[in-house]
Amino acid sequence: MDAEMLYGAFQGMGCDKDVLIDILTQRSNAQRLMIAEAYREVYGRDLIADLKENLSDHFKQVMVGLMYPPVLYDVHELWHAMKAAGTDENCLIDILASRTNEEIYRIKEAYSLEYNSDLQQDLYSETSGHFRDTLINLAQGVRAQGYADPVMAAQDAMVLWEACQQKTGGHKNMLQMILCNKSYQQLWMVFQEFQSISGQDIVCAIRSCYDGYFQELCVAIILCLRDRSSYFAYRLYNAIHELGFHNKTVIRILVSRSEVDLMNIRRRYKERYGKSLFHDIKHYASGHYERALIALLAGDVEDY
């Protein structure tokens with residue numbers, strides 16, 4: 001039935017975009033993949049290709065993005081962040097700083113299969129400096145799991161303190177090695193020790209000591225460790241209010257987190273910024289693009 005309605009939406013003089021929104025935003029990713037398979041079997045056509053042919057601009061990006069399995073969507077975003085005109089460093093940060101070891105492993109495998117290319121090699125060729133080193137470390141997906149050592153935490157906290165004081169290349173290396181390789185449980189303890197030693201929160205310290213994308217990546221790792229939903233709420237707010245509604249960022253977060261923690265992101269956004277995500281998207285987006293984004297939020301009208 002869904003496949004039939006989608007096919008019908010593409011017929012005639014104009015595409016019925018409301019039908020596309022009503023179906024594709026209200027089905028799970030697994031259901032959308034089944035719809036695409038039925039569409040191919042019955043009509044001999046590729047649903048993604050038809051979406052690309054009949055839609056345009058940001059609305060097309062939302063609808064097409066919904067049709068990829070989550071890991072392939074991440075892969076697609078990473079590839080285009082590096083291979084399109086100009087590297088999109090913030091996309092690389094959002095994905096690699098927030099994914100687990102298992103998710104990173106699946107991303108690397110799918111990246112190789114989809115593009116016949118190695119993710120770490122592409123990161124090496126498309127980025128530079130300590131930012132590159134940190135991304136490549138994250139892309140290895142070798143973070144330790146589930147172990148915390150109080151003695152080591154005190155030592156690591158001192159290393160971080162020295163890294164914030166001296167800021168040499170060697171200290172930057174030690175900073176990123178700790179942030180990328182220590183378990184989340186260990187890092188919680190390290191950050192508490194750092195607060196005791198320095199009298200500063202680790203995020204404030206890194207922001208005052210470093211700059212550029214290296215700083216942003218280090219901060220993203222810490223914020224994702226503390227609360228991924230709050231991190232993505234923060235990124236959405238910046239994309240909407242400080243970057244003049246950065247469509248690519250808004251779309252990427254809403255699509256990629258739609259079946260992960262989008263409802264928690266909504267909640268954190270309202271708690272932190274006083275207005276709902278629904279309200280802000282409604283204010284800045286328009287047309288079918290706006291309707292698709294609002295549909296992904298699954299309500300939120302009560303917070304308008």
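Before reading further, recall that the structure is shown in the block above.
Rules of the game
Residues numbered from 1 in each chain as written. Predicted model: local features only at pLDDT ≥ 70, side-chain atom pairs only at ≥ 80, totals over all residues. Heavy atoms only, no water. Helix = DSSP H or I, 4+ residues; strand = E, 2+ residues; numbered from the N terminus. Buried < 20%, exposed > 50% of the residue type's maximum accessible area, 1.4 Å probe, protein only. Contact = heavy atoms within 4.5 Å. Areas by Shrake-Rupley, 256 points an atom, 1.4 Å probe, with all protein chains shown as cover. Lys, Arg positive; Asp, Glu negative; His and termini not counted. Charge placed at Lys NZ, Arg CZ, Asp CG, Glu CD. Polar contact = N/O pair within 3.5 Å; in protein donor to acceptor, adjacent residues only side chain to side chain. Axes fitted to C-alpha atoms, helices over the stretch in contact; angles between N-to-C directions. Parallel < 35°, antiparallel > 145°, perpendicular 65-115°, else oblique. Nonpolar A, V, L, I, M, F, W, Y, C, P; charged D, E, K, R; others polar. Salt bridge = Lys/Arg side-chain N within 4 Å of Asp/Glu carboxyl O.

**Points about the overall build of the chain**
Helices and strands together make up the secondary structure of the chain, namely 19 helices and zero strands. Projected onto its principal axes, the C-alpha positions of the chain cover 70 × 45 × 35 Å. Relative to its 304 residues, the chain shows a buried fraction of 47%. Expressed as a percentage of contacts within the chain between residues at least 6 apart in sequence, the contacts between residues at least 24 apart total 70%. Surface accessibility of the chain: about 14,100 Å² in total, with carbon and sulfur atoms responsible for 49%. Averaged over its 31 positive side-chain charges, the chain has a centre that lies 3 Å from the centre of its 41 negative ones.

**Describing helix α7 (residues 89-96)**
Counted residue by residue, α7 has seven buried out of eight residues, so it is predominantly covered. Every buried residue of α7 is listed here: E89, C91, L92, I93, D94, I95 and L96.

**A few points about unusual backbone geometry**
With the exception of glycine, the majority of residues adopt a negative phi angle, and the majority of peptide bonds are in the trans configuration. Even without being a glycine, N116 presents a positive backbone phi close to 50 degrees. When you line up the elements, N116 lands in the loop between α8 (101-115) and α9 (119-126). Unusually for a residue other than glycine, F245 sits at a positive phi of about 55 degrees. With respect to the helices, strands and loops of the structure, F245 is situated in the loop between α15 (212-242) and α16 (247-256).

**With respect to the environment of D122**
Structurally, D122 can be placed in helix α9. Residue class for D122 comes out buried when judged on its relative accessible area of 7%. Sequence-wise, D122 and L78 are 44 residues apart; in three dimensions their C-alpha atoms are separated by 9.7 Å. Ignoring anything within four residues of it in the chain, the contact list for D122 reads W79, M82, K83, Y111 and S117. A distance of 2.6 Å separates polar atoms of two side chains, one belonging to D122 and the other to Y111.

**Some details on the packing of helix α13 (residues 184-198) against α15**
In the contact formed by α13 and α15, the axes pass within 11 Å of each other and the chain directions differ by 110 degrees. Looking at the two axes, α13 sits roughly perpendicular to α15. Seen from α13, the contacting residues are Y184, L187, W188 and F191; seen from α15, they are I222, L225, R226 and R228. Grouping the constituent residues of the contact of α13 with α15 by class yields six nonpolar, no polar and two charged.

**Here's the deal with the pattern of salt bridges**
Overall, the coordinates contain 19 salt bridges when judged by the stated rule. The salt bridge involving R45 is made with D50; its shortest N-O contact spans 2.6 Å. Note on R45: relative accessible area 34%, which makes it partly exposed. Classification of D50 as buried rests on a relative accessible area of 4%. Of the charged contacts in the structure, one is a salt bridge between R106 and E102, with a shortest N-O distance of 2.8 Å. With R106 and E102 both in helix α8 and four residues apart, this pair spans about one turn of that helix. On the basis of relative accessibility, which here comes to 55%, the residue E102 falls in the exposed class. Counted as one network, the salt bridges with shared partners bring together D18, D22 and R291.

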